[in-house]
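# Analysis of the macromolecular model
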Amino acid sequence: MNNFTTENLLTTSAPMMATNGTTPMSGGVDAGGSGGDSLVNHLDFVIGAVFTPIVCILGMAGNGLAAVVWNRPALKGSTGRFLSAQAVSDFSVLFLSLIVVSSLQWTPSLKQDFSFATFYSYIGVPLYYISVHCSVWITLGVTIDRYIMVCWITKAKRYCRERQANMGIILIIISSIFANIPHFMFYKAVTPEHEGDLALQKTEFRTGAGGKLYALWISCISLIVIPWCCVLFMNIAIIKQIRESNRRMNEKKNRESVRKSKQVEEQITRLLLIVTFSFLFFMGLHCLIQIMAITQPHYGFDSQSLDSAYSIAKTGYALNSSVNFVLYCLTGKRFRRELKKLLGMELTKDDMSSLTHSQSQNSRSVSTTASSATSTSYN
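Residues numbered from 1 in each chain as written. Predicted model: local features only at pLDDT ≥ 70, side-chain atom pairs only at ≥ 80, totals over all residues. Heavy atoms only, no water.

### Describing the nonpolar core
- With 34 residues, the main nonpolar core has Tyr120 and Tyr128 as its most contacted residues.
- Broken down by secondary-structure element, the contributors of at least two residues to this core are α2 (78-106), α3 (114-151), β1 (187-189), α7 (209-251) and α8 (256-294).
- Considering every element that reaches this core, the biggest residue donor is α3, with eleven residues.
- Counting residues in hydrophobic clusters, the runner-up holds 25 residues, among them Trp70, Phe82, Ala87 and Phe325. (Core = buried A, V, L, I, M, F, W, Y, C linked by side-chain atoms within 4.5 Å. Buried < 20%, exposed > 50% of the residue type's maximum accessible area, 1.4 Å probe, protein only. Helix = DSSP H or I, 4+ residues; strand = E, 2+ residues; numbered from the N terminus.)

### Section: the packing of aromatic side chains
- For the structure on display, the rule yields twelve aromatic pairs.
- When the centroid spacing of 5.3 Å and the interplanar angle of 40 degrees are considered together, the rings of Trp70 and Phe335 count as tilted. Taken as a pair, Trp70 in the loop between α1 (35-69) and α2 and Phe335 in helix α13 (residues 333-342) lie far apart in primary sequence, 265 residues in all.
- For Trp70, a relative accessible area of 7% gives the class buried.
- On the basis of an interplanar angle of 75 degrees and a centroid distance of 5.3 Å, the ring pair of Tyr120 and Tyr187 is categorised as edge-to-face. Linking Tyr120 in helix α3 with Tyr187 in strand β1, this pair joins segments that are 67 residues apart in sequence.
- A residue is classified by how much of its surface remains accessible, and Tyr187, at 1% relative accessible area, is buried. (Phe/Tyr/Trp six-rings, centres within 6.5 Å; stacked < 30°, edge-to-face > 60°.)

### Some points on the pattern of salt bridges
- Tallied over the entire structure, the rule returns three salt bridges.
- For Arg72, the salt bridge is made with Glu338, and the minimal N-O distance between the two is 2.8 Å. Linking Arg72 in the loop between α1 and α2 with Glu338 in helix α13, this pair joins segments that are 266 residues apart in sequence. For the residue pair Arg72 and Glu338, the accessibility class agrees, reading buried in each case. (Salt bridge = Lys/Arg side-chain N within 4 Å of Asp/Glu carboxyl O.)

### Focus: the environment of Gln112
- By the element assignment, Gln112 lies in the loop between α2 and α3.
- Not counting residues within four places of it along the chain, the set of residues in contact with Gln112 comprises Pro192, Gly196, Asp197, Leu198 and Ala199. (Contact = heavy atoms within 4.5 Å.)

### A closer look at the confidence of the model for the chain
- For the chain, per-residue confidence averages 78 on the pLDDT scale, and residues scoring 70 or more make up 74% of the total.
- Within the chain, helix α14 (residues 349-378) has the poorest average pLDDT of any element, 50, and helix α5 (residues 162-179) the best, 96. (pLDDT = per-residue confidence, 0-100.)

### Let's talk about the packing of α2 against α3
- It is at 8 Å that the axes of α2 and α3 come closest, and there the two elements cross at 155 degrees. As the angle between them shows, α2 and α3 are arranged roughly antiparallel. The two elements α2 and α3 cross, and the hand of that crossing is left-handed.
- Along the lines of polarity and charge, the residues of the contact of α2 with α3 split into 19 nonpolar, twelve polar and three charged. (Axes fitted to C-alpha atoms, helices over the stretch in contact; angles between N-to-C directions. Parallel < 35°, antiparallel > 145°, perpendicular 65-115°, else oblique. Left-handed = near helix turned anticlockwise from the far one by under 90°. Nonpolar A, V, L, I, M, F, W, Y, C, P; charged D, E, K, R; others polar.)

### Details of α13
- Within the sequence span of α13, burial applies to Phe335, Glu338 and Leu339. Each buried residue of α13 sits inside an arc of 105 degrees when the element is viewed along its axis, so together they form one side.
- Taken from the residues just after α13, Gly344 is the one with a positive phi, measuring 75 degrees. (Arc of directions from axis to C-beta.)

### As for the side chain of Asn63
- The topology assignment puts Asn63 in helix α1.
- A polar side-chain atom of Asn63 sits 2.8 Å from the main-chain carbonyl oxygen of Ser321.
- Excluding residues within four positions of it along the chain, Asn63 makes contact with Ala87, Asp90, Phe91, Leu94 and Ser321. (Polar contact = N/O pair within 3.5 Å; in protein donor to acceptor, adjacent residues only side chain to side chain.)

### Remarks on the packing of helix α12 (residues 324-331) against α13
- Contact geometry of α12 with α13 gives a least axis separation of 6 Å together with a crossing angle of 100 degrees. Comparing the axis directions of α12 and α13 gives the class roughly perpendicular. Where α12 approaches α13, its residues Phe325, Tyr328, Cys329, Leu330 and Thr331 are matched on the opposing element by Lys333, Phe335, Arg336 and Leu339.
- Looking at the contact of α12 with α13, its residues break down into six nonpolar, one polar and two charged.

### Some remarks on the environment of Ser175
- Secondary-structure assignment places Ser175 in helix α5.
- Sequence-wise, Ser175 and His133 are 42 residues apart; in three dimensions their C-alpha atoms are separated by 9.4 Å.
- Only 2.9 Å separates the side chain of Ser175 from the backbone oxygen of Leu171, close enough to count as a polar contact.

This is how it looks when you write it as structure tokens:
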């Protein structure tokens, strides 16, 4: 029977095996009695059973609202299409985090259940990574969309349209599915022969050289690090272009309408810059620790410190998928306005016109009543 741990499932991207047959990123049941192992176990439990569920529940509520708001007519467009798709993929990441991470922390005996092992191996883990990579590449997609709008203004009307955004999202989903096919072969469900045997086990591919190469070069470098670098460089180019545009606007006294439209576009750009820089921070920390974990036997990093660091860094996926709604509310005026309208906290134009119409009718009826009463008194 293979030795399986509650190793933050989301560490499938760090599949190396220690010499004793357990994973260095293990989360509890295999850990021995050393103080370092105990610290990692406590961190895994607190993060998986307490912190992650809170973040996921709040994040799912926020992403659900964000998906609806970005599809409202006032925010429709290529940017809104990308951001609504990202909200859906982030919702999926958080929902699956509850199932494949927190559930094993709450009920470790699930590893002995064949039905759960089947779901976990062939649905839960693969779909989780498909959702993660969709979120990452949609972030790249919205960055490219904004880069074209800011730096290639003459080509924006041609490329920054809803149709192109929809095609890009579909392409991202399809490519993420194909790129994550190996994750369907990382775990397997077996029928326990004896009481206490594990139904959820790692495959030979997961523990072998093929799994390690896939985790490092495909799952980590190609699917996360490369888009991370692209987002970073394009954000730098966008910031430079905004500064140049502001300088030109200060030198030329543009018409007020042109100035206002540019200010609106810059507000959206600043919002997206904040969102993408939060992505760079959370995902960058996670990827750095992950690469160190995979290469630990070669470079000799301290395993205890690495385990503790990874227990904290692995929350990057959940935090990155939860924080966008908060950033939208803090920095996006148009988003806040549409959210208030959605929640009935702000009157729409139709409501304002109907309210004005009803008020005018009431004032007319009052004046008519007053005049009729005056004429009656004179009689």
